[in-house]
Amino acid sequence: MCGIVGIVGSQPVAERLVDALKRLEYRGYDSAGVATLDHGVMDRRRAEGKLFNLEKKLSEQPLPGNIGIAHTRWATHGVPNETNAHPHFVDGVAVVHNGIIENFSELRDELLAQGAVFTSQTDTEVVAHLLNHYRKSGMDPKAAMLAMLNRITGAYALVVMFIDAPQTIYAARFGPPLAIGYGKNEMFLGSDAIALSPFTNEITYLVDGDFAVVDGSGAEIFDYNG
């Protein structure tokens, strides 16, 4: 079962994201990745195998930024390699995902017909392409998230960053657990409270059908109708 962490912070987050992923190692994983957003630049580091390999990449190529998302992957769709590791990027959209998008094949065919170019074998990448499609149609990030959530079926915890929403993380749950942690001028997301325990003792678990908009001041939670 994949592990997810997100931080909207007041200080650099890459190291803290990886430390939180370590507390999710009990879930099992075959690759890991982290993405941050810093002064209009979204970047990521991904690695096959254990978190040590990701830490090595980060030591050689640090990621600045006070906002970021991270993931440990247990392969379902696509082999366990760096290309299939999360976060997935599509034109300024970054996505991490735990679960299965059951209608990904149908959505992938639809997106391919519209000119989308896929770079992985994962079901998750359709989420990033859908979001990119809705953004290009003129929707803001919240509207794009709601439109995407009303298209996908399956079981999922999703955490998303948009390059033009540099202080906000978007999240949704339908099935796999996802928690929001409240800090002092910082907010956290994680697959369980264990991942967030060093950061906060105030946790809200999303329930199925919850969609959250999280920034440094708090979280707003909506249903899929907004």
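Description of the structure in this document. (Residues numbered from 1 in each chain as written. Predicted model: local features only at pLDDT ≥ 70, side-chain atom pairs only at ≥ 80, totals over all residues. Heavy atoms only, no water.)

**Things to note about the sheet that holds strand 4 (residues 67-73)**
In step 1: The strand order 3-2-4-1-10-9-11 describes an open sheet built from 7 strands, whose pairing is antiparallel. Of all the strands in the sheet, just strand 3 (41-48) and strand 11 (203-205) have a single pairing partner and so form its edges. The average angle at which neighbouring strand axes cross in this sheet is 15°, direction not considered.
In step 2: Relative to strand 10 (residues 187-190), strand 9 (residues 179-182) is paired through 4 bridges, and the arrangement is antiparallel. Bridging across to strand 10, Tyr182 finds its partner in Met187.
In step 3: Strand contacts of helix 1 (residues 14-22): strand 1 (3-8), strand 2 (31-38), strand 4 and strand 10, with the helix running at about 150° to strand 1, the strand carrying the most contacts. (Pairing = 2+ DSSP bridges. Helix = DSSP H or I, 4+ residues; strand = E, 2+ residues; numbered from the N terminus. Axes fitted to C-alpha atoms, helices over the stretch in contact; angles between N-to-C directions. Contact = heavy atoms within 4.5 Å.)

**Re helix 3 (residues 104-113)**
In step 1: Residues Phe104, Leu107 and Leu111 constitute the buried set of helix 3. For helix 3, the buried positions fall inside an angular range of 65° around the axis, keeping them on one side. Looking at helix 3, the residues exposed on the side facing more than 90 degrees away from the buried face are Glu106 and Ala113.
In step 2: Where helix 3 is buried, its residues meet strand 6 (93-101) and helix 4 (125-136). (Buried < 20%, exposed > 50% of the residue type's maximum accessible area, 1.4 Å probe, protein only. Arc of directions from axis to C-beta.)

**Overview of the sheet that holds strand 8 (residues 168-174)**
In step 1: Within the open sheet, the 6 strands sit side by side as 5-6-7-8-12-13. Their pairing is antiparallel. One side of each edge strand has no neighbouring strand; the edge strands of this open sheet are strand 5 (88-90) and strand 13 (218-222). Taking the axes of each pair of neighbouring strands and ignoring which way they run, one obtains an average angle of 20° across the sheet.
In step 2: As paired elements, strand 12 (residues 210-215) and strand 13 share 5 bridges and run antiparallel to each other. Its bridge partner being in strand 13, Val213 is matched across the sheet by Glu220.

**Details of the nonpolar core**
In step 1: Ranked by size, the top nonpolar core spans 33 residues in total, and within it Leu131, Met148, Leu149, Ile152 and Phe211 carry the most contacts.
In step 2: Going through the elements one at a time, strand 6, helix 3, helix 4, helix 5 (141-149), strand 7 (154-162), strand 8 and strand 12 are the ones with two or more residues in this core.
In step 3: When near neighbours in sequence (up to four residues on either side) are disregarded, Phe211 contacts Lys142, Met145, Leu146, Leu149, Tyr170, Ala171, Ala172, Glu220, Ile221, Phe222 and Tyr224.
In step 4: The next biggest cluster of nonpolar side chains, apart from the first, holds 23 residues, and it includes Leu24, Tyr29, Leu58 and Leu63. (Core = buried A, V, L, I, M, F, W, Y, C linked by side-chain atoms within 4.5 Å.)

**Brief notes about the packing of helix 1 against helix 2 (residues 51-60)**
In step 1: At a closest axis distance of 11 Å, the pairing of helix 1 and helix 2 adopts a crossing angle of 175°. Our classification of the angle between helix 1 and helix 2 gives roughly antiparallel. Residues Val18, Leu21 and Lys22 of helix 1 form the contact with helix 2, whose own contacting residues are Leu51, Leu54, Glu55 and Leu58. (Parallel < 35°, antiparallel > 145°, perpendicular 65-115°, else oblique.)

**Describing the packing of aromatic side chains**
In step 1: Tallied over the full model, the rule gives 5 aromatic pairs.
In step 2: Taken together, a centroid distance of 6.5 Å and an interplanar angle of 10° make the contact between Tyr170 and Phe211 stacked. Of this pair, Tyr170 sits in strand 8 while Phe211 sits in strand 12, placing them 41 residues apart in sequence. In terms of burial, Tyr170 and Phe211 fall into one category: buried.
In step 3: Given the relative accessible area of 0%, Phe211 is considered buried.
In step 4: Through pairs of rings, three or more aromatic residues link up here, namely Phe162, Tyr170, Phe211 and Phe222.
In step 5: Above the face of the Tyr29 ring, Lys50 is positioned so that its terminal group lies 4.6 Å from the ring centre. (Phe/Tyr/Trp six-rings, centres within 6.5 Å; stacked < 30°, edge-to-face > 60°. Lys NZ or Arg CZ within 6 Å of the ring centre and 35° of its normal.)

**Things to note about the packing of helix 3 against helix 4**
In step 1: Running from N to C, helix 3 and helix 4 point in directions that differ by 45°, and their axes come no closer than 10 Å. One way to sum up the angle between helix 3 and helix 4 is to call them oblique. Pair helix 3 / helix 4 crosses with left-handed handedness. Together, Phe104, Leu107, Arg108 and Leu111 of helix 3 and Val126, His129, Leu130 and His133 of helix 4 make up the contact between the two elements. (Left-handed = near helix turned anticlockwise from the far one by under 90°.)

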